[in-house]
Amino acid sequence: MVTSFGIQDPEAQSKAGGQEDSKKWRDWWAALLYVIHVIAVGALAVWFGVGAVNDSDDRDASLYNIKHWAPQLAVVIIFAAIFSFLWISLVKYFPVGMIKFALWAGVVANLVLAILVLASRTQNSVVVGIIFFVFAVIQALYAYWVRFRVPFAAALITKAIMVTGQYPACYIVSYAAVIVSVFWIGLWSFGASGAIATMPHAAAIVFGLLVSLYWTMEVIRNVVHVTVAGTVGTFYFQQQNMPRNPTIHALRRATSTSLGSICFGSLIVSILEAIRVMVRGLQGQCNEFVVCCLSCLLGVIESLMQYFNKWAYIQVALYGKTFVKASKDTWTMFKAQGLDVLINDDLTSTVLFIGCIIGGVLSGILGGLWTYFHVTTSDDRMTVSVVVLSFFIGYFITHLTMAVVNSGVACYYVCFAEDPATLRRNDPEFYEVMWTRQALLRG
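Nothing here was measured: the structure is a model prediction, and the numbers come from that model.

Trainee: Lay out the overall build of the chain in plain terms, naming residues and giving numbers.
Mentor: Counting secondary structure elements, the chain contains 16 helices and 0 strands. Counting only residues that meet the buried cut, the chain has 47% of its 443 residues in that class. For the chain, the computed accessible surface area is about 22,400 Å², with 71% contributed by carbon and sulfur atoms.

Here you go:
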């Protein structure tokens, strides 16, 4: 019997906790709190924003007219979409070579930075140059140490690209999330500027606005993550009997029965991020060293929590667990798998991140050159603005594509680590590849 969470084998379902009522809302209180928050913040944003609207300053209206920006930014968007497709294709057909390239690209980048800093002969250039050189050495040692693990990571990333490629709705959900994010950021900025102008010294208002923004962004990002993981998990467990539109079913679960679990974990991260921003605002008012250390500590805790949530949400996507139970089971997996899970995730994430950086840089160059040579009214300010904007457009469009693949890789790893027997039954050929390469690592 197939459950709504993609668990077909009764034994695997029992191990995963999938025998719970799949239609029951998990952590419903967090979902209710989030919905109330969105309605309240949206209404307040309109209220404060409209109340604080001022006449716009159009001194540079002719310079920043949309007609001078639209053509090159449209081309940048198209270019970034094509580049992300080409990068994914390269990773798909040359996974081992691309992972090795990404690992050693970090070594080369640190060496180049070390040489440039040392050659500048500015104050502290020797210290900074040595730091970059040490980073290059550490990265080189790491690349050499994990070289035997590359084939295993390559097999996973190839499979994830193949699976997500069969269900392009995963990418559509990711791009739709960007549209929603842009709309919310615009509305939030409109309201936040009005609220701060009306009550500039209300620290509680500022903190609440920051928590709201980060919470919403985390929820949107994790809904995409859970949707992709649900799709890939369904493929893993039901490859021989796939339901129609698995991505739609996964999205429906992510925005209904599992929404509370997503909101719960996202709220914790957003509070940490808001506290860290408020602590940064204390610089110049309190002891600089204490503020710096506290900000760094909060940043580390936040990053660890985000990373942990990434894996916990896979348990939510696959088995419909509450956030607390998913977190406990994720910790159990970490203890059982040891460094393997961390290293595999690092290898696959690195090659995808390098693709995002390259996509952003090339997009920035394209947008900047177009503006410099083809826009008659352009000046240095406009060219720099277009370069920066083009970089972020290229980076985020590429990141959207890579994030889908990254979620698929993480999901496949969890499925294989917890239930290799299902892969052996549904995809014996790929099982042999995975099992052989894993045996080489542990043998």
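Trainee: Requested: an account of the pattern of salt bridges, with residues and values cited.
Mentor: Scanning the model with the defined rule gives 4 salt bridges in all. The closest approach of N and O atoms between Glu-218 and Arg-221, which form a salt bridge, is 3.0 Å. Here Arg-221 and Glu-218 lie together in helix H8 (residues 203–238), a separation of 3 residues that amounts to about one turn. Residue classification places Arg-221 among the partly exposed residues on the basis of a relative accessible area of 41%. Of the charged contacts, one joins Lys-321 and Asp-329 as a salt bridge, the two residues approaching to 2.5 Å between their closest N and O atoms. Among the residues examined, Lys-321 registers a relative accessible area of 3% and is labelled buried. Through salt bridges that share partners, Lys-321, Lys-325 and Asp-329 make up one connected network.

Trainee: Lay out the environment of Met-242 in plain terms, naming residues and giving numbers.
Mentor: Examined against the element boundaries, Met-242 turns out to sit in the loop between H8 and helix H9 (246–254). In this structure Met-242 comes out as partly exposed when scored by relative accessible area, which is 22%. Beyond its immediate sequence surroundings of up to four residues, Met-242 is in contact with Tyr-167, Thr-234 and Phe-235.

Trainee: Which residues make up the packing of helix H4 (residues 95–120) against helix H5 (residues 125–145), and what values go with them?
Mentor: Their axes nearest at 8 Å, the elements H4 and H5 cross at an angle of 165°. Viewed along their axes, H4 and H5 adopt a mutual orientation that is roughly antiparallel. The element H4 and its partner H5 pack so that their crossing is left-handed. Across the contact of H4 with H5, the residue classes break down as 18 nonpolar, 6 polar and no charged.

Trainee: Please provide a residue-by-residue account of the state of the cysteines, values included.
Mentor: One pass over the full model with this rule turns up 0 disulfides. With no disulfide of its own, Cys-411 lies closest to Cys-415 among cysteine sulfurs, the gap being 4.0 Å. You can call Cys-411 buried: its relative accessible area is 0%.

Trainee: So, the confidence of the model for the chain: which residues are in play, and what are the values?
Mentor: Looking at the chain, pLDDT values average 79 and 81% of them are 70 or higher. For residues 1–20, every residue scores under 50 in pLDDT, and the model assigns this stretch 47 contacts once sequence neighbours within four places are set aside. pLDDT under 50 marks residues 55–64. Its contacts with residues more than four places away, or in other chains, come to 12 contacts.

Trainee: For H9, give the residues involved together with the corresponding values.
Mentor: Residues Pro-246, Thr-247, Ala-250, Arg-253 and Ala-254 constitute the buried set of H9. Seen along its axis, H9 keeps its buried residues to an arc of 125°; they face one direction.

Trainee: So what's going on with the packing of aromatic side chains? Which residues, and what values?
Mentor: One pass over the full model with this rule turns up 16 aromatic pairs. A centroid spacing of 5.1 Å and a plane angle of 75° characterise the contact between Tyr-34 and Trp-215, whose relative ring orientation is edge-to-face. Here Trp-215 lies in helix H8 and Tyr-34 lies in helix H2 (residues 28–51), a separation of 181 residues in the sequence. The buried category is assigned to Tyr-34, whose relative accessible area is 11%. Centroid distance Tyr-236 to Tyr-412: 5.2 Å. Interplanar angle 80°. Geometry classified as edge-to-face. A residue pair is termed long-range when its members are at least 10 positions apart, and Tyr-236 in helix H8 and Tyr-412 in helix H14 (residues 380–418) qualify at 176 residues. Of the two residues, Tyr-236 and Tyr-412, neither departs from the other in class, the shared state being buried. Put simply, the rings of Tyr-236, Phe-237, Tyr-319, Tyr-412 and Phe-430 pair up and form one aromatic cluster. Above the face of the Trp-145 ring, Arg-149 is positioned so that its terminal group lies 5.9 Å from the ring centre.

About the criteria used
- Residues numbered from 1 in each chain as written.
- Predicted model: local features only at pLDDT ≥ 70, side-chain atom pairs only at ≥ 80, totals over all residues.
- Heavy atoms only, no water.
- Helix = DSSP H or I, 4+ residues; strand = E, 2+ residues; numbered from the N terminus.
- Buried < 20%, exposed > 50% of the residue type's maximum accessible area, 1.4 Å probe, protein only.
- Areas by Shrake-Rupley, 256 points an atom, 1.4 Å probe, with all protein chains shown as cover.
- Salt bridge = Lys/Arg side-chain N within 4 Å of Asp/Glu carboxyl O.
- Contact = heavy atoms within 4.5 Å.
- Axes fitted to C-alpha atoms, helices over the stretch in contact; angles between N-to-C directions.
- Parallel < 35°, antiparallel > 145°, perpendicular 65-115°, else oblique.
- Left-handed = near helix turned anticlockwise from the far one by under 90°.
- Nonpolar A, V, L, I, M, F, W, Y, C, P; charged D, E, K, R; others polar.
- Disulfide = S-S within 2.5 Å.
- pLDDT = per-residue confidence, 0-100.
- Arc of directions from axis to C-beta.
- Phe/Tyr/Trp six-rings, centres within 6.5 Å; stacked < 30°, edge-to-face > 60°.
- Lys NZ or Arg CZ within 6 Å of the ring centre and 35° of its normal.

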